[in-house]
Every structure is written in structure tokens, then in C-alpha cells.
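The residues making up each chain are set out below.
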Amino acid sequence: MIFGQVFRHIQKRQNLIPQAKTLSKSTFSPISNAKNVPPIILYTASAPNGQKASITLEELGLDYEVKSIDFSKSEQKEPWFLKINPNGRIPALVDRSNHNFAVFESGAMMLYLVDKYDREHRLSFPHGSDLYWQMVSWLFFQNAGVGPMQGQANHFYRYAPEMIEYGISRYQNETRRLYSVLENRLKENGNWLVGDKLTIADIANYGWVNMAFWAGVEIKEFPRLDDWCERISAREAVKRGLN
């Protein structure tokens, strides 16, 4: 799959290749009420949206179990998984500690995790505050803009069956435009997108900006964004989340 190949490349660059492990079919089981297991199950694969969730979990220091979804076997389309995410996409999570409550869509998952587990506001701000809504705005900026546009740039630049210059140019330029918005925000606000600390808004955008090269976009064109990306990449919790 596309993002599996991409993140294999990134992991090689960062010396973060995990040891391969074989998961049996029984691993991919419906929601369980088992005891003495991590409260959160993360269903994911090597892709920016999945790593947004795993980085958030790592930064919050939460105990969770990873269940990898094999796209080559279309496991995301199996009936048991569609009960968790009717859209048949990763990531998704199940919170065993909350009556096996399921959440899908990466942005919704990040909001759920900080709302329920970030009582000290390590990655967020008090609900309803101005900083909270700024954070939500930049989170949605990624969900509605950076991810979809850069995803199309990836497709036309790397995987389209024929080279369509219009498609490549359109989506690369739109990705650059969105990066310039982030660049200007960092120029205005400093080290982070909102407030004076890393938040889920940074993590969400980082997942895709870290992949700029795969869309044919040179991040060095955006020096503040490049520094921001390097700063996030250096965090130990982020390294674990990427792994």
C-alpha cells in the first residue's frame, strides 16, 4: 500500500524500523471485555492519520494496544471492523474503559483523547477557552485542507497511471499554499501553532508536513515550518508514535 511504502522509507531514515511480527486472524477480533489489558485499542496502519493518533497516545502517556490493519487483505472492510468504523478506514479506537466506546476519524479521536484523558492540558487547553477554539481551528485546518490536498498531490505525483501535469501542479501548489499559511502562523505565534506548547493541532499537521517530500514539495522553502517539523521529530514520544 502507498503509505506503508512511504513510512517504511521514513523509518529507514530515522532508524525506527520495528521488528516484524506476525498477527494471526484471531488478533483481529471484535470489541472485547477482557480484563488486565490496556484500556485503549488503536486500529491503525503506517499512514499519517494513523500516526497522528499514536503520537497523541504516546504524548499523553496512555497505555494502549496496537492492532495493525492489513490493507492488502482488505481487513478494514471486514464486518467486525465496519462495526467500529462504518467508513472502513484507519485509524479507529475502542476505549474499553468507556464501555467499549468506538471513535473513528483521526481528528475526532484526538479530541476524544484530550477531552477524556488530558485533564492537565498537556496537549490541549481548557474546553471553551479562546486557546481551545484556536486549537480546534488549526486541527480542522489540517483535516479539511492539508490532508486532503497533500493526499491528492501524493496521488498525482506518485501513483496516477498517467502523468497529468495539471493535477500534479494543482495539488502541489495548493499544498504549498497551505504550508505558507502554517509558515505565517509560526512567524506570528512562535514555536507552536497555538499558545506556547505542543498541542494536538501541531501533531495533526505534523503527520502530513513530515511527508512533504513524498508529494514533491520541498519543505526547505518554509524555514519556520521546517524548524517546527524538526523540533517535533526530536521528541521521544513522537519517535515512539512514528514507530
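Structure shown above.
Right, let's walk through the structure included here.

What follows is about the overall build of the protein. Helix and strand counts for the protein stand at nine helices and four strands. For the protein, the N- to C-terminal ordering of α and β elements is α-β-α-β-α-β-β-α-α-α-α-α-α. Residues counted as buried form 49% of the 243 residues belonging to the protein. Intrachain contacts of the protein at a sequence separation of at least 6 include 68% that bridge at least 24 residues.

Turning to the sheet that holds strand 2 (residues 64-68), a few remarks are in order. Reading across the sheet, the four strands line up as 2-1-3-4 and stay open at both edges, with mixed pairing between neighbours. Only two strands of the sheet have a single neighbouring strand rather than two, namely strand 2 and strand 4 (101-104). Recorded for the sheet is a direction-independent mean angle of 20 degrees between the axes of neighbouring strands. Where strand 1 (residues 40-44) lies against strand 2, five bridges are found, and the strand directions are parallel. The residue bridging L42 from the neighbouring strand is V66, located in strand 2.

Helix length check: helix 4 (residues 106-117), at twelve residues, gives a terminal C-alpha distance of 16 Å against a target of 16 Å (1.5 Å per residue), a fit within 8%. Listed as buried for helix 4 are S106, G107, M109, M110, L111, Y112, L113 and V114. Buried-residue contacts for helix 4 involve strand 1, helix 2 (48-60), strand 3 (92-95), strand 4, helix 5 (130-159) and helix 7 (200-209).

Looking now at the environment of F81. In this fold, F81 is placed in helix 3 (residues 79-82). Judged by its relative accessible area of 0%, F81 falls in the buried class. Taking the C-alpha atoms as reference points, F81 and Y43, 38 residues apart in sequence, are found 9.0 Å from one another. The residues contacting F81, other than those within four sequence positions of it, are Y43, I69, E75, Q76, G88, R89, I90 and A92.

Let us now look at the pattern of salt bridges. As enumerated under the stated definition, the model contains ten salt bridges in all. Among the salt bridges present, the one from E58 reaches R240, with a minimum N-O distance of 2.9 Å. Of the two residues, E58 is situated in helix 2 and R240 in helix 9 (residues 236-242); the sequence distance between them amounts to 182 residues. The residue R96 makes a salt bridge to E65 at a minimum N-O spacing of 3.1 Å. Of this pair, R96 sits in the loop between strand 3 and strand 4 while E65 sits in strand 2; the two residues are 31 residues apart in sequence, bridging distant segments of the chain. Accessibility expressed as a relative area gives 16% for R96, which makes it buried. Connected through shared salt-bridge partners, E65, K67 and R96 make up one network.

Moving on, we come to the packing of helix 7 against helix 8 (residues 223-233). At a closest axis distance of 10 Å, the pairing of helix 7 and helix 8 adopts a crossing angle of 105 degrees. Taken together, the axes of helix 7 and helix 8 lie roughly perpendicular to each other. Touching D202, N205, Y206 and V209 of helix 7 are L225, W228, C229, I232 and S233, all from helix 8.

If you walk through the whole model with that rule in mind, you get eleven aromatic pairs. With centroids separated by 6.0 Å and ring planes inclined at 70 degrees, the aromatic side chains of Y43 and F81 adopt a geometry described as edge-to-face. Taken together, the residues span a long stretch of sequence, with Y43 in strand 1 and F81 in helix 3 at a distance of 38 residues. With a relative accessible area of 0%, Y43 lands in the buried category. For the pair F213 and W214, a centre-to-centre distance of 5.8 Å together with 80 degrees between the ring planes defines the contact as edge-to-face. Classification of F213 by relative accessible area gives partly exposed; the value is 26%. For R158, the ring lying beneath its charged end belongs to W214, and the centroid distance is 3.9 Å. One residue, R231, lies across the ring of W192, its end atom 5.1 Å from the ring centre.

This next bit is on helix 7. Counting along an α-helix, one turn takes 3.6 residues, and residues three or four places apart therefore face a common direction. Buried residues dominate helix 7, accounting for ten of its ten residues. Listed in full, the buried residues belonging to helix 7 are I200, A201, D202, I203, A204, N205, Y206, G207, W208 and V209.

In this fold, T175 is placed in helix 6 (residues 165-189). Judged by relative accessible area, T175 falls into the buried class, the value being 2%. Beyond its immediate stretch of four places on either side in the chain, T175 contacts M149, Q150, A153 and V217.

Definitions and cut-offs
Residues numbered from 1 in each chain as written. Predicted model: local features only at pLDDT ≥ 70, side-chain atom pairs only at ≥ 80, totals over all residues. Heavy atoms only, no water. Helix = DSSP H or I, 4+ residues; strand = E, 2+ residues; numbered from the N terminus. Buried < 20%, exposed > 50% of the residue type's maximum accessible area, 1.4 Å probe, protein only. Contact = heavy atoms within 4.5 Å. Pairing = 2+ DSSP bridges. Axes fitted to C-alpha atoms, helices over the stretch in contact; angles between N-to-C directions. Expected span 1.5 Å × (residues − 1). Salt bridge = Lys/Arg side-chain N within 4 Å of Asp/Glu carboxyl O. Parallel < 35°, antiparallel > 145°, perpendicular 65-115°, else oblique. Phe/Tyr/Trp six-rings, centres within 6.5 Å; stacked < 30°, edge-to-face > 60°. Lys NZ or Arg CZ within 6 Å of the ring centre and 35° of its normal.

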